[in-house]
Amino acid sequence: MISKNDTIAFDECSILHLCEIRIPNSFKIFFDKDNIVHRNFSKLNQLMNLLDFRGINKYQFEPSNLESNIIKVANEYLSKEGNQVIILGPTLKAQIIEQLSDFIEKKIDEFITIKKDDDIDAIKRIFLDNAKNLKKQGDMPQDDDLKIISGFNKFISSGRKFLISEDEHFWGYSDLIKSNFKIIIIKEWECHKIL
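This is a predicted model, so every value here is computed, not measured. (Residues numbered from 1 in each chain as written. Predicted model: local features only at pLDDT ≥ 70, side-chain atom pairs only at ≥ 80, totals over all residues. Heavy atoms only, no water.)

Asker: Tell me what's going on with the overall build of the chain, and back it up with residues and numbers.
Answerer: Along the chain, the regular secondary structure elements total 8 helices and 7 strands. Here the chain has a C-alpha radius of gyration of 18 Å; the compact-globule value for 195 residues is 16 Å, and the two agree. By principal-axis analysis of the C-alpha atoms, the chain measures approximately 50 × 40 × 25 Å. A burial count over the chain gives 46% of its 195 residues as buried. Partitioning the intrachain contacts of the chain with sequence separation of at least 6 by distance along the chain shows that 76% fall at a separation of at least 24. Across the chain, the 28 positively charged side chains and the 31 negatively charged ones have centroids separated by 5 Å. (Helix = DSSP H or I, 4+ residues; strand = E, 2+ residues; numbered from the N terminus. Rg over C-alpha atoms; globule rule 2.2 N^0.38 Å. Buried < 20%, exposed > 50% of the residue type's maximum accessible area, 1.4 Å probe, protein only. Contact = heavy atoms within 4.5 Å. Lys, Arg positive; Asp, Glu negative; His and termini not counted. Charge placed at Lys NZ, Arg CZ, Asp CG, Glu CD.)

Following this line, the structure appears as structure tokens:
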């Protein structure tokens, strides 16, 4: 059970996955619904509502890859819909990117920012010494991932530290991150389990 002393942090993509995309009227004939949501939307939304209800702060890391993450999430939304969206071209994608940008601009104020930390050499060495084969392209966490770990490691919390992410660079190394940095990685699709 989470408490007010715990620090619950979300990576950028997990915050973007809370966006409910409205399908523009001109594209509704291609869909059998009015909105598109990420596959983990309901679990993330359930967690957010509970955190708000219990008065538990939500944290995020200072943005650095926001534009590329918005494009990545827009592509996720489109690929989930299958082949019918391919014929819709860049126009629909541009509108989804705009909705995601507007969403994050409004939503970001609900989160307290944790600074990333550039002191990652020792952390990188730990990952290099304990490299794993991941399904994702690139077995090692990116420098930005390591900056998140370094910043979160130095962040003072009177309770446990949770990082919610869909990124395999985090959950693929969850045991290593927990044992070395006392950060508990929660797979985004299992975030409801910390309730």
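Asker: Account for the side chain of E168, naming residues and giving values.
Answerer: Of note, E168 is situated in helix α7 (residues 168–171). With no salt bridge to any partner, buried E168 finds its closest opposite charge in K135, at an N-O distance of 6.1 Å. Apart from residues no more than four positions distant in its own chain, E168 is found in contact with L134, K135, K136 and Y173. (Salt bridge = Lys/Arg side-chain N within 4 Å of Asp/Glu carboxyl O.)

Asker: How would you summarise the sheet that holds strand β7 (residues 183–187) if you had to cite specific residues and measurements?
Answerer: Strand order across the open sheet formed by 5 strands is β5-β4-β1-β6-β7, with parallel pairing between neighbours. One side of each edge strand has no neighbouring strand; the edge strands of this open sheet are β5 (111–114) and β7. Taking each pair of neighbouring strands and ignoring which way they run, the sheet shows an average axis angle of 35 degrees. Across 4 bridges, strand β4 (residues 58–61) lies against β5 in parallel orientation. Each bridged residue has a counterpart across the sheet, and for K58 the counterpart in β5 is F111. Helix-sheet contacts for helix α2 (residues 41–54) involve β1 (7–10), β4, β5 and β6 (161–165), and the interaxial angle to β1 is about 145 degrees. Sitting on the sheet, helix α6 (residues 143–154) touches β1, β4, β5, β6 and β7, and the angle it makes with β6 is about 155 degrees. (Pairing = 2+ DSSP bridges. Axes fitted to C-alpha atoms, helices over the stretch in contact; angles between N-to-C directions.)

Asker: Residue-level account of unusual backbone geometry, with values.
Answerer: A positive phi is found at K182, a non-glycine position, where the angle reads about 55 degrees. As for its placement among the helices and strands, K182 is situated in the loop between α8 (174–181) and β7. Taking relative accessible area as the criterion, K182 reaches 59% and is therefore assigned exposed.

Asker: How would you sum up the nonpolar core? Please name residues and give values.
Answerer: Ranked by internal contacts, the top residues of the largest apolar core, which has 35 residues, are I2, I8, F10, L47, L100, I164 and I194. Within the residue set of this core, elements represented by two or more residues are β1, α1 (12–16), α2, α3 (66–80), α4 (89–107), β6 and β7. Every residue in contact with L100, bar those within four places of it in the chain, is listed here: L16, C19, I21, I70, V73, A74 and Y77. Judged by nonpolar contacts, the second largest core, of 20 residues, contains I123, I148, L176 and I183. (Core = buried A, V, L, I, M, F, W, Y, C linked by side-chain atoms within 4.5 Å.)

Asker: Help me get a handle on the packing of aromatic side chains, residues and values and all.
Answerer: Counted by the stated rule, this structure contains 6 aromatic pairs. Seen from their ring centres, Y59 and F155 are 5.4 Å apart, and the 70 degrees between their planes marks the pair as edge-to-face. Of the two residues, Y59 sits in strand β4 while F155 sits in the loop between α6 and β6, which places them 96 residues apart along the sequence. Assessed through its relative accessible area of 11%, Y59 is described here as buried. Taking relative accessible area as the criterion, F155 reaches 22% and is therefore assigned partly exposed. For the cation-ring pair, K58 lies above F111, with the distance from its terminal atom to the ring centre recorded as 5.6 Å. (Phe/Tyr/Trp six-rings, centres within 6.5 Å; stacked < 30°, edge-to-face > 60°. Lys NZ or Arg CZ within 6 Å of the ring centre and 35° of its normal.)

Geometry only, nothing functional implied.
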